[in-house]
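Breakdown of the fold
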Amino acid sequence: MNDRTVCVPTGPRFGVIGSPVQHSLSPVLHRTAYEVLGLDGPTYDRFEVFAGQLAGFLADGPGRELSGVSVTMPGKPEAFALAAETDVTSRALGISNTLIRREDGTWRAENHDVYGIVAALRDHGARAPRTGAVLGSGATAMSAVASLLELGVREILLSARSPHKLAPLEALAATEKVLVHHVPWSSSQLLLNAEVVISALAVEGAHAVAEEWEGRSSLTAPTLFLDVLYDPWPAPLAAVITGLGGEAVDGLEMLAHQADQQVRSMLGVPAAPVSAMLVAARSELAGRGTATSGA
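Below is a short write-up of the structure. Throughout this description, residue numbers start from 1 for each chain and increase along the sequence as written. At least 70 in pLDDT is required for a residue's local features to be given in this predicted model, at least 80 for side-chain atom pairs to be given and counted, and no such filter applies to totals for whole chains, interfaces and linings, which use all residues. Computation of side-chain values: all heavy atoms of the structure, hydrogens and water removed.

A closer look at the sheet that holds strand β7 (residues 131-135)
To keep things clear, this is the line we draw: Between any two strands, at least two bridges found by DSSP are needed for them to pair. Secondary structure elements are taken from DSSP: a helix is a run of H or I of four residues or more, a strand is a run of E of two residues or more, and numbering for both begins at the N terminus. Only the stretch in contact is used when a helix axis is fitted, and all axes are lines through C-alpha atoms; the angle between N-to-C directions ranges over 0 to 180 degrees. Residues count as neighbours in contact if any of their non-hydrogen atoms are within 4.5 Å of one another.
Pairing is parallel in the open sheet, where six strands are placed in the order β9-β8-β7-β10-β11-β12. With one partner strand each, in any of the chains shown, β9 (179-182) and β12 (248-250) form the two edges of the open sheet. Going from strand to strand, the sheet's axes swing by 20° on average, the running direction of each strand aside. Sheet analysis places β7 next to strand β8 (residues 155-159), joined by five bridges and oriented parallel. If you follow T131 over to β8, its bridge partner there is E155. The sheet contacts of helix α6 (residues 139-151) involve β7, β8 and β10 (196-199), and relative to β7 the element is tilted by about 175°.

And the structure:
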């Protein structure tokens with residue numbers, strides 16, 4: 001113990017769930033927080049939980065012994081749906097990345113993905129951009145749109161391989177009366193005209209888009225580009241941006257900030273040591289060779 005020790009109940013068990021989950025750096029982030037805060041009671045582990053299995057895992061599986069859970073895909077919609085209580089961000093998006101067990105045994109769902117993206121962008125100077133863009137669709141892209149709205153953008157460009165999947169993102173933007181432009185997938189490089197661009201693509205899609213962009217004769221780097229990928233770095237699209245002289249932020253910074261909020265919620269501490277958590281996660285990544293994202 002040290003003079004930074006925070007008094008919390010000993011022995012609470014936490015974990016990250018999803019599929020695949022073996023790559024998750026959440027254990028490194030959370031365990032580092034426990035160590036720096038001087039907490040030797042909490043534990044944090046990985047659990048493989050497939051789509052449709054979250055409720056059973058929490059009720060009858062290993063999850064019945066957990067006090068809190070970090071949720072990565074594909075469980076984020078399920079986490080929101082099963083919760084007895086939800087925070088404002090979860091209700092706005094219909095997805096949650098955090099579950100906290102309440103005293104009566106039911107769950108409170110929270111979404112800290114949006115906070116993580118906003119904090120990472122602000123660390124790199126984003127304050128009040130007028131235009132933003134999101135590449136991709138799905139839960140992460142939804143959080144990306146919410147993040148741009150929180151930053152105060154008035155115009156958003158959206159592009160996805162399956163355009164119909166952008167409908168929920170457009171509906172979210174409409175709640176803030178933000179102007180939305182659909183950019184054809186074949187012209188996705190036009191997103192780079194925005195001030196802040198967020199790529200929510202998995203590595204396979206990112207490689208294909210990077211090849212397309214590299215084949216263009218002229219590209220303009222945005223003021224700031226956040227890529228949810230982080231292993232290895234630079235990710236395919238981030239490499240294109242930095243090659244143009246632009247600034248790229250990796251998804252690990254987003255992940256560390258979201259873990260900060262999870263540690264606060266799970267343990268009731270005022271703050272987590274984000275810098276130390278990020279250093280530990282980058283050290284863990286040394287030698288890995290498969291691009292990843294998420295919790």
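So, the sheet that holds strand β2 (residues 43-48)
Here we have six strands laid out as an open sheet, ordered β2-β1-β3-β5-β6-β4, and mixed in their pairing. At either end of the open sheet lies a strand with only one pairing partner, and these are β2 and β4 (85-86). Examined bridge by bridge, strand β5 (residues 98-101) and strand β6 (residues 107-110) share four bridges and lie antiparallel to one another. Opposite L99, over in β6, you have A109 as the bridge partner.

What to know about helix α7 (residues 167-174)
Keep this limit in mind: Burial classes follow relative accessibility: with a 1.4 Å probe on protein chains only, a residue under 20% of its type's maximum area counts as buried, one over 50% as exposed, and anything between as partly exposed. Arc definition: directions from the helix axis to the C-beta atoms.
Every buried residue of α7 is accounted for by L169, L172 and A173. Along the axis of α7, the buried positions cluster into a sector of 100°, meaning they face one direction only.

Description of unusual backbone geometry
Put simply, M73 and P74 share a cis peptide bond, and its omega is 10°. In this structure, P234 follows W233 across a cis peptide bond, with omega equal to 5°.

So, the side chain of H112
Rules: A 3.5 Å cut-off defines polar contacts: any pair of N or O atoms within that distance qualifies, except that in protein one atom must be a possible hydrogen donor and the other a possible acceptor, and neighbouring residues in sequence count only when both atoms are side-chain atoms.
Within the secondary structure, H112 is located in the loop between β6 and α5 (113-123). A distance of 2.8 Å separates the side chain of H112 from the side chain of E110, its partner in a polar contact. Excluding residues that lie within four positions of it along the chain, H112 makes contacts with N97, T98, Q258, Q261, Q262 and S265.

As for the pairing of strand β3 (residues 68-71)
On β3, burial covers both faces: G68 and S70 on one face and V69 and V71 on the other are all buried. With four bridges connecting them, strand β1 (residues 13-18) and β3 associate as parallel partners. Following the sheet pairing, F14 is matched in β3 by G68.

Let's talk about the environment of S283
By the element assignment, S283 lies in helix α11 (residues 274-285). Here the alpha-carbon distance between S283 and A171, two residues 112 residues apart in the chain, equals 40 Å.

Brief notes about the pattern of salt bridges
To be explicit about the condition: Salt-bridge detection follows one rule: a side-chain nitrogen of Lys or Arg within 4 Å of a carboxyl oxygen of Asp or Glu.
According to the stated counting rule, one finds twelve salt bridges in the structure shown. For K76, the salt bridge identified is with D113, shortest N-O distance 2.8 Å. Placement of K76 in helix α3 (residues 76-82) and of D113 in helix α5 is noted, with a sequence separation of 37 residues between them. Its relative accessible area of 6% is what places K76 among the buried residues. Between R108 and E85 there is a salt bridge, with the nearest N and O atoms lying 2.8 Å from each other. You can see R108 sitting in strand β6 and its partner E85 sitting in strand β4, a full 23 residues away along the chain.

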